[in-house]
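Report on the structure
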Amino acid sequence: MQPTEALPEPLSSSQPQPLAFQDYFRAIAIAAFWAIFLLTLLNRGAVEIESRIVVTAAIYLLLVSAILLLGPPQAGAGKAIAAACLLLGGLIVQLLFQALFLPGITPSHPAWSVAAMFTQTAPTATISLTPADDRLGLLSAALPFGAFIAGLVIFDTNERAAKALRWFAIGGGWLALWSIMQFLFFPEMLGFIQKRFYLDSLTGLFVNRNTAATFFGLILLTLVVLLHKRLLAPNWRMVRALVANRLTVPDEQKRLIRSAAFASALTAFCFIALMLTGSRAGIMSSFAALLLLILLTVFNSPIRRGRNAAPLWGGRHGSKRRAAIMLFIAIGLFSLFANRVALRMEARLEDDLRFCYMPGITRAIADNWPWGSGLASFKETYAPYNAAQCGVNSVVTHAHNVYAEGLLTLGIVFPFYVAFFVLTQLAIFFRGARKRKRYRYASHLGFTGLLLVALHSTLDFSLQIPGFAMAYAVFLTPVVTLCLHPPGTERDGRQRRSRPSADPQTNERLGETTASTINSCEQ
């Protein structure tokens, strides 16, 4: 009996080694993930080809290493990865279809027959006007997909995803403060280089104010959710009673109050940075998304239970009153600080160049329908359609409308890409709104972030900037994980061993109540 009882001992002593190695590698992978994201932002959103190649290669190297050493994510995140791979695969097939010369299979663009009249050798006729540029343009499309999938692999549990979302919000708040200081004291600087455009507007680390507005709008939404959770964490009834009776407030409550004050300051910095961008479409899209976020937070949040769960305005009727007050505050703040935007809105719409470009873009879409002109061919395709009254001193590199540029470059398949992209996200967010309790705020962020990006894409081209596209992917990663992760799991992702209940939602509520006492500052 002695030898048989000693057998399990060496097995148990050897088990922690791979776990310790995975934890060590995960820490390195998390640091590398945020370093690549920061590098993308610091280089003006990776708008240059060299920086695009470096960050795209780095994120896919991290992705392959993470999958090999950490394994694929559990539960529903695998379906999200499959959907992302399907969409990216469709783009790659579309690129090959447009950029390869396949006689008898793919039609050629009429411009190649005209070009053959002026050259000694006939050029390779393809659907795309810029087949070589399309291959480099694929890097811009592949970067956010790589960041999204890598994030799902690395932040594969509720706790890791929630922490990543906090890091995204807090880091964005500090970046907003840094951008404000630079705009006030060094307005001629863009990061660490000389600023050439939009000297009267805050642009953060981006070249134009529109991309900066979309970025800070996304950060503002995340900070508002963080602030709401931090404001609910302290036991305000107890604190008010102690202060009224001149008694000492416990250190734990003081820490929670300081945490709420810190989140309030970061939210204010991000709001001011958004206003200083002066982007009309960016600010109005952020305002619409913020209003939706307030409504979802008030009317779709689970009922809080416990000693800290007493609302500031009691009862169900208090929810409507609280929503009215929060909406009034949001509208008042935007009205108070949006004077610069109101002045710009007084300009006539026909004086806005983005509306001057649209007739030419519409004609270009009709002439290149249905196969499109190539993923990265907008600049060359639109040039002959540019009207003289729109200006001849600059080159139009992007349409101020993501949907119009997509129809021109990708053709008839672009609406299917958009529908798949939007409907997949909506399905994930609706699942989070129905199934999750403690982490339901993730679905609220998903809905409002999608609304912000979709609205602003009608008047600007933020998604065409690789840095912001990666920022949106980094934002989506923890949101999707929290929406799809199954309830009733421990910190390491394993199922709880508690007694099963007939009602699965009861199990989740019990688990959330227990976890809320451990992580009260995350509530």
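**Looking at the overall build of the protein chain**
Along the backbone of the protein chain there are 21 helices and 2 strands. A burial count over the protein chain gives 48% of its 523 residues as buried. Taking as baseline every contact in the protein chain between residues at least 6 positions apart, the subset at least 24 positions apart corresponds to 76%. When the accessible area of the protein chain is evaluated, it comes to approximately 26200 Å², of which 67% is carbon and sulfur surface.

**Some details on the packing of helix α18 (residues 414-435) against helix α20 (residues 466-484)**
Relative to each other, α18 and α20 sit at 45°, their axes nearing to 8 Å. When the axes of α18 and α20 are compared, the pair comes out oblique. As α18 runs across α20, the sense of the crossing is left-handed. Contacts between α18 and α20 involve Phe421, Gln425, Ile428, Phe429, Arg431 and Gly432 on the former and, on the latter, Tyr472, Leu476, Val479, Val480, Cys483 and Leu484. Split into classes, the residues belonging to the contact of α18 with α20 amount to 9 nonpolar, 2 polar and 1 charged.

**Thoughts on the packing of aromatic side chains**
The final tally for this structure, using the stated rule, is 17 aromatic pairs. With 6.3 Å between their ring centres and 55° between their planes, tryptophan 34 and phenylalanine 37 make a pair best called tilted. Pair noted here: tryptophan 34 and phenylalanine 37 are both in helix α3 (residues 16-42), with a separation of 3 residues, about one helical turn. With relative accessibility at 18%, the residue tryptophan 34 sits in the buried group. With 6.2 Å between their ring centres and 55° between their planes, tyrosine 439 and tyrosine 441 make a pair best called tilted. For tyrosine 439, a relative accessible area of 5% puts it in the buried group. On the accessibility criterion, tyrosine 441 (14% relative accessible area) is buried. Put simply, the rings of Phe33, Trp34, Phe37, Phe155, Trp167, Phe168, Tyr472 and Phe475 touch in pairs and so form one group of aromatic residues.

**What about the pattern of salt bridges?**
A complete count under the given rule lists 5 salt bridges for this structure. Between glutamate 48 and arginine 44 there is a salt bridge, with its nearest N and O atoms 2.1 Å apart. Taking relative accessible area as the criterion, glutamate 48 reaches 32% and is therefore assigned partly exposed. Linking arginine 160 and aspartate 156 is a salt bridge whose minimum nitrogen-to-oxygen distance equals 2.5 Å. Given the relative accessible area of 23%, arginine 160 is considered partly exposed. Each of Arg26, Asp156 and Arg160 takes part in a single network of salt bridges with overlapping partners.

**Quick notes on the state of the cysteines**
Going through the model one piece at a time under the given rule, you end up with 1 disulfide. Covalently, cysteine 356 is tied to cysteine 390 through a disulfide, its sulfur atoms 1.9 Å apart. Looking down the S-S bond of the cysteine 356 and cysteine 390 bridge, the torsion is -90°, so its handedness is left-handed. Here cysteine 356, found in helix α15 (residues 353-367), pairs with cysteine 390, found in the loop between α16 (378-382) and α17 (402-410); they are 34 residues apart in sequence, far enough to count as distant.

**Notes on the confidence of the model for the protein chain**
Mean pLDDT over the protein chain stands at 81; residues scoring 70 or higher make up 80%. Considering only residues more than four positions removed or in separate chains, one finds that residues 490-523, a stretch of pLDDT under 50, has 44 contacts.

**Observations concerning helix α11 (residues 251-277)**
Between its first and last C-alpha, α11 extends 40 Å over 27 residues, near the 39 Å set by a 1.5 Å rise per residue. Following α11 by one or two positions, glycine 278 adopts a phi angle in the positive range, close to 70°.

**A look at unusual backbone geometry**
Across the junction of tryptophan 369 and proline 370, the peptide omega takes the value 10°, indicating a cis bond. Mapped onto the fold, proline 370 is located in the loop between α15 and α16. Phi at alanine 46 takes a positive value of approximately 55°, unusual for a residue other than glycine. Within the fold, alanine 46 resides in the loop between α3 and α4 (49-70). Judged by relative accessible area, alanine 46 falls into the buried class, the value being 0%. One non-glycine residue with positive phi stands out, namely tyrosine 198, at about 55°. Note on placement: tyrosine 198 falls in the loop between β2 (193-194) and α9 (209-232).

**What about the nonpolar core?**
Judged by nonpolar contacts, the single largest core of 107 residues is most densely connected at Phe33, Trp34, Phe148, Phe215 and Phe216. No other element matches the 13 residues that α20 contributes to this core. Each residue touching phenylalanine 148, except ones within four places of it in the same chain, is listed here: Ala80, Ala84, Ala473, Leu476, Thr477 and Val480. In terms of nonpolar packing, the next biggest core, distinct from the first, is built from 13 residues, Ile361, Ile365, Cys390 and Leu408 among them.

Rules of the game
Residues numbered from 1 in each chain as written. Predicted model: local features only at pLDDT ≥ 70, side-chain atom pairs only at ≥ 80, totals over all residues. Heavy atoms only, no water. Helix = DSSP H or I, 4+ residues; strand = E, 2+ residues; numbered from the N terminus. Buried < 20%, exposed > 50% of the residue type's maximum accessible area, 1.4 Å probe, protein only. Contact = heavy atoms within 4.5 Å. Areas by Shrake-Rupley, 256 points an atom, 1.4 Å probe, with all protein chains shown as cover. Axes fitted to C-alpha atoms, helices over the stretch in contact; angles between N-to-C directions. Parallel < 35°, antiparallel > 145°, perpendicular 65-115°, else oblique. Left-handed = near helix turned anticlockwise from the far one by under 90°. Nonpolar A, V, L, I, M, F, W, Y, C, P; charged D, E, K, R; others polar. Phe/Tyr/Trp six-rings, centres within 6.5 Å; stacked < 30°, edge-to-face > 60°. Salt bridge = Lys/Arg side-chain N within 4 Å of Asp/Glu carboxyl O. Disulfide = S-S within 2.5 Å. pLDDT = per-residue confidence, 0-100. Expected span 1.5 Å × (residues − 1). Core = buried A, V, L, I, M, F, W, Y, C linked by side-chain atoms within 4.5 Å.

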